[in-house]
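Working through the structure, step by step
So you can see what is in the structure, the chains are spelled out below.
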Amino acid sequence: MYNYHHSHRYEEEIDESEVFKRKTLRAKRIRKLTAQVLFAVLCLLAFLMVIAVMWAYVAD
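Residues numbered from 1 in each chain as written. Predicted model: local features only at pLDDT ≥ 70, side-chain atom pairs only at ≥ 80, totals over all residues. Heavy atoms only, no water.

Here the focus is the overall build of the protein chain. Scanning the protein chain for helices and strands turns up one helix and zero strands. Here the protein chain, with 60 residues, has 0% of them falling under the buried criterion. In the form shown here, the protein chain has an accessible surface area of approximately 6500 Å², with 67% of it arising from carbon and sulfur atoms. (Helix = DSSP H or I, 4+ residues; strand = E, 2+ residues; numbered from the N terminus. Buried < 20%, exposed > 50% of the residue type's maximum accessible area, 1.4 Å probe, protein only. Areas by Shrake-Rupley, 256 points an atom, 1.4 Å probe, with all protein chains shown as cover.)

In structure tokens:
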């Protein structure tokens with residue numbers, strides 16, 4: 001029976017500069033995703049507010 005062990009890239013030892021680079025890139029992706037989600041939520045909120053104002057105007 002063969003004793004085969006996969007060697008994964010993340011299991012290798014990495015230096016501090018590589019750790020810093022990965023954390024920075026991860027933070028950048030998270031900020032971008034957060035901005036996109038926030039923009040979509042605020043657009044939806046603005047749309048709902050416009051609909052509510054129009055409905056209040058017409059219903060009166």
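Along the chain, aspartate 15 turns up in the segment before α1 (16–59). Overall, aspartate 15 belongs to the partly exposed group, its relative accessible area being 46%. A polar contact is formed between the side chain of aspartate 15 and the side chain of serine 17, at a distance of 3.1 Å. (Polar contact = N/O pair within 3.5 Å; in protein donor to acceptor, adjacent residues only side chain to side chain.)

Bringing the pattern of salt bridges into the picture now. Evaluated as defined, the whole model comprises two salt bridges. Here glutamate 18 and lysine 21 are joined by a salt bridge, their closest N and O atoms 3.6 Å apart. A residue pair is termed a helical-turn pair when its members lie 3 or 4 positions apart in one helix, as glutamate 18 and lysine 21 do in helix α1 at three residues. Between arginine 22 and glutamate 18 there is a salt bridge, with the nearest N and O atoms lying 3.2 Å from each other. Of this pair, arginine 22 and glutamate 18 both sit in helix α1, four residues apart, roughly one helical turn. Judged by relative accessible area, which is 29%, arginine 22 ranks as partly exposed. (Salt bridge = Lys/Arg side-chain N within 4 Å of Asp/Glu carboxyl O.)

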